[in-house]
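Notes for the structure review
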Amino acid sequence: MSRKRHAILNTFLRAAEYYGMQEVFDKLFARSKQGNKFHRLYHLIISDANIRLAYRMIKSNKGSKTAGTDGITIKHLEQYTEKEIVTLVQSNVREYSPQSVKRVWIPRPDGKKRPLGIPTMLDRLIQQCIRQILEPIMEAKFHKHSYGFRPLRSAHHALSRSHFLVNAINCYYVVDIDIARFFDEVNHKQLMKQLWNVGIRDLKVRAIIGKILRASIDKGGVPNKGTPQGGVLSPLLANLVLNDLDQWVSSQWETFPTRHMYTHRCYGYRRLKKTKLKCGFIVRYADDAKVFTRFKQEAQRWFYAIEGFINKRLKLEISLEKSKIVNLKRCKSTFLGFEIKAIRKRRTYVARSHIAEKARDRIVEQIKRAIKLVSEKRNRKQAYKLNAIIMGVHNYFQYATCVSTDFHKIAYRLNRYMYQRLKGKFIRAKPFGQVSYTYTSHYSMNYKTWKVDSVWIFPIVDIQMKRLTNFNPEMSLFVPSARSKIHSRLDANMQREVARLMNRISEFRSVEYTDNRLSRYSMAKGRCEISGLPLTAEEVHCHHVIPRSLGGNDQYNNLMIVHKDVHKLIHATDKNKVLKGLSLFKLNQRQLDKLNSLRKKCNLEVIG
């Protein structure tokens with residue numbers, strides 16, 4: 001799944017069950033799977049439980065600190081009680097009129113700028129309410145091989161599927177599809193039709209979505225097309241638009257009905273190969289789509305067929321400069337920062353992936369900027385930020401089959417720069433003395449590196465390829481049997497979350513505290529030491545077993561990794577807050593005893 005989705009998934013699962021909305025989502029998903037239509041969704045959207053859940057999700061999102069055109073952030077809404085938040089949303093939705101959208105321009109890798117549309121905080125909250133109800137309905141309709149902006153799925157699953165099609169299906173030609181200015185060109189009329197087709201028939205809800213799409217842009221007027229990137233509802237609507245493309249391509253081959261029922265779909269494909277149908281499998285991540293096929297003639301037929309479909313059915317245009325046919329035996333195809341090519345191995349061809357050249361250049365420039373700051377400021381905060389960048393790129397690109405070779409090349413480009421910047425200021429050697437648990441658990445001690453203010457910099461070359469796994473389409477947040485498997489397997493991605501924790505350090509904390517917090521998180525395998533729940537970087541709090549006010553210190557054995565709300569529960573004195581916290585986490589007796597032992601050491605009453 002994507003980084004942002006992973007960061008809020010644990011919160012969503014717990015909060016949806018806590019507010020009693022999970023059963024509602026499950027029913028919507030099941031009914032949508034059965035082909036039912038939905039005429040009464042408005043009352044679900046403005047229900048107290050749904051609004052409370054939406055507020056919790058918006059609050060846990062990092063973007064909640066960004067203000068819209070009215071200058072309001074989540075801090076302003078935190079002054080209200082939950083009941084007042086519910087009343088505020090309900091009163092605004094009844095005669096909804098969205099405020100203008102703030103326009104922000106962010107740089108793209110090619111040097112150009114991409115527009116972001118940031119709604120006001122209240123509009124974001126209302127969009128989240130709508131999204132929570134629409135998402136299970138649409139998830140039941142979406143194609144199983146679209147991976148962008150969807151729960152549990154990630155760019156790595158899209159890469160894995162691409163490898164599978166080359167290795168197992170022998171698809172050595174790929175049609176790269178790039179839709180020109182997709183988010184800015186979405187046809188509103190066509191989108192409203194697609195909402196109707198997936199069963200969203202509630203006229204009030206459709207009217208509200210129409211108003212969201214036509215919300216005026218600050219200093220830009222009222223748009224007649226497009227869905228602004230930056231809106232809470234935009235990713236879901238973007239997937240809905242392109243779902244028609246997914247389903248159409250799939251119906252031409254992958255799910256084409258056969259006269260006979262076969263025990264396995266591959267036997268049906270054998271029969272289909274004898275027809276004049278064009279073999280093709282689509283893999284899509286957001287607006288980046290690829291169709292894998294076997295022969296050049298089939299690829300050419302697909303290219304022109306898809307161009308016509310996108311133009312006539314979706315009212316969009318493909319970029320002829322970026323859209324192309326690639327022979328993977330001879331050329332590389334770039335996908336999500338990776339380069340894929342088919343390499344001969346004995347009597348067949350297998351997929352090999354590298355870090356894309358532009359991505360390598362970005363990594364080098366990003367690390368250079370961080371090294372420069374380390375050289376200039378000479379403090380551990382900058383060292384931790386450099387380590388966070390190194391661990392972050394390792395975590396994303398470790399699924400490339402040739403990742404080790406690529407990072408050796410990156411390290412070669414950086415070695416001279418790093419040496420010139422850091423020589424004479426810091427020690428360069430193999431790690432010795434006190435080395436953090438984070439370093440020893442993720443990296444080898446056999447590489448020479450730099451020691452910056454007691455922090456050893458992670459070696460850039462120390463990276464091994466991690467095996468790709470295909471996504472199981474049966475896994476869903478809205479199926480109880482699948483959700484139980486998700487709960488049992490769902491751990492915070494250690495490497496990624498440690499990297500994010502390094503960016504969340506305080507200059508006012510001791511070196512000992514900072515190092516031991518990271519080590520404790522790694523030791524706990526990213527889980528709360530009271531509740532056992534997996535934690536993202538935003539949820540991590542570090543509790544002093546013996547409080548500093550009572551003589552406690554920052555030593556490893558005096559620290560404990562807990563969820564931020566569990567931390568509040570440890571120190572809570574208000575009975576209502578205690579009861580609310582207990583109902584949220586549903587601690588068993590053993591966990592409650594552990595919690596009480598910590599409260600005793602804080603000289604607080606035991607929770608009964």
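Note that residues are indexed from 1 along each chain, following the sequence as it is written. At least 70 in pLDDT is required for a residue's local features to be given in this predicted model, at least 80 for side-chain atom pairs to be given and counted, and no such filter applies to totals for whole chains, interfaces and linings, which use all residues. Remark: hydrogens and water are excluded; side-chain values derive from all non-hydrogen atoms of the structure.

The name given to the chain in an unreviewed UniProt entry is Group II intron reverse transcriptase/maturase, and the organism recorded there is Baia soyae.

1. A word on the pairing of strand β4 (residues 281–285)
The condition that has to hold: Only protein chains enter the area calculation, which uses a 1.4 Å probe; residues under 20% of their type maximum are buried, those over 50% are exposed, and those in between are partly exposed. Counting from the N terminus, the helices are DSSP H or I runs at least four residues long and the strands are E runs at least two residues long. DSSP-based pairing: two strands are paired if at least 2 bridges between them are found.
Counting buried residues in β4 gives five out of five residues, a clear majority hidden from the surface. Of the two faces of β4, the one lined by Phe-281, Val-283 and Tyr-285 and the one lined by Ile-282 and Arg-284 are each fully buried. Pairing of β4 with strand β5 (residues 288–293) involves five bridges; the strand directions are antiparallel. The partner of Arg-284 across the bridge, within β5, is Ala-289.

2. Some words on the sheet that holds strand β6 (residues 324–327)
Formally: Note on geometry: axes are lines fitted to C-alpha atoms, helical ones only across the stretch in contact, with angles between N-to-C directions running from 0 to 180 degrees. Two residues qualify as a contact provided that any one of their heavy atoms is within 4.5 Å of a heavy atom in the partner residue.
The four strands lie next to each other as β4-β5-β3-β6, forming an open sheet whose pairing is antiparallel. On the outer flanks of this sheet lie β4 and β6, each paired with one strand and no other. Between one strand and the next, the sheet's axes are offset by a mean angle of 20°, whatever the strand orientation. Pairing analysis gives four bridges linking strand β3 (residues 173–178) to β6, with the strands arranged antiparallel. Paired with Val-175 across the strands is Ile-325, a residue of β6. Across the sheet, helix α12 (residues 234–252) touches β4 and β5, and the angle it forms with β4 is around 165°.

3. A closer look at the packing of aromatic side chains
Any two aromatic rings considered together are summarised by their centre-to-centre distance and by the angle between their planes. As a reminder, the rule being used: In this analysis, rings of Phe, Tyr and Trp, with Trp reduced to its six-membered ring, are considered paired at centre separations within 6.5 Å, and the interplanar angle assigns stacked below 30 degrees, edge-to-face beyond 60, and tilted for intermediate values. Charge-over-ring placement is defined geometrically: NZ (Lys) or CZ (Arg) within 6 Å of the ring centre, and within 35 degrees of the ring normal.
In the structure shown here, the tally under the stated rule is 15 aromatic pairs. Judged by centre distance (6.1 Å) and plane angle (85°), the rings of Trp-248 and Trp-302 are edge-to-face. Taken together, the residues span a long stretch of sequence, with Trp-248 in helix α12 and Trp-302 in helix α14 (residues 296–312) at a distance of 54 residues. A residue is classified by how much of its surface remains accessible, and Trp-302, at 0% relative accessible area, is buried. Where Tyr-439 meets Tyr-443, the ring centres are 6.1 Å apart and the plane angle is 55°; that geometry is what we call tilted. Owing to a relative accessible area of 1%, Tyr-439 belongs among the buried residues under this scheme. With relative accessibility at 5%, the residue Tyr-443 sits in the buried group. Ring pairing ties together the aromatic residues Phe-25, Phe-29 and Phe-478, which thus form one cluster. Seen from the ring of Tyr-42, Lys-204 lies directly overhead, with NZ or CZ sitting 4.7 Å from the centre.

4. Looking at α12
Counted only if it meets this: The span you would expect from a helix comes to 1.5 Å times its residue count less one. In this scheme, the bend at a residue equals the angle between the axes fitted to the seven residues that finish there and the seven that begin there.
The end-to-end C-alpha distance of α12, which contains 19 residues, comes to 28 Å, matching closely the 27 Å that a straight helix rising 1.5 Å per residue would cover. Along α12, the helix axis deviates most sharply at Leu-242, where the bend reaches about 35°. Burial runs high along α12: 15 of the 19 residues are buried.

5. A closer look at the domain arrangement of the chain
Spelled out, the test is: What counts as a domain boundary in this text is fixed by an automatic or database domain assignment. Buried area: the accessible area, evaluated with a 1.4 Å probe, that two parts lose upon being put together, summed over both parts. Salt bridges, as used here, are contacts in which a Lys or Arg side-chain nitrogen is within 4 Å of a carboxyl oxygen on Asp or Glu.
Each assigned domain of the chain is listed here: domain 1 (10–135), domain 2 (141–187 + 225–355), domain 3 (359–457) and domain 4 (492–602). Across the contact, 16 residues belong to domain 1 and 13 residues belong to domain 2. Of all residues in domain 1, Gln-127, Arg-131 and Glu-135 bury the most surface against domain 2, accounting for 37% of the area lost on that side. At the boundary of domain 1 with domain 2, the tally comes to zero salt bridges.

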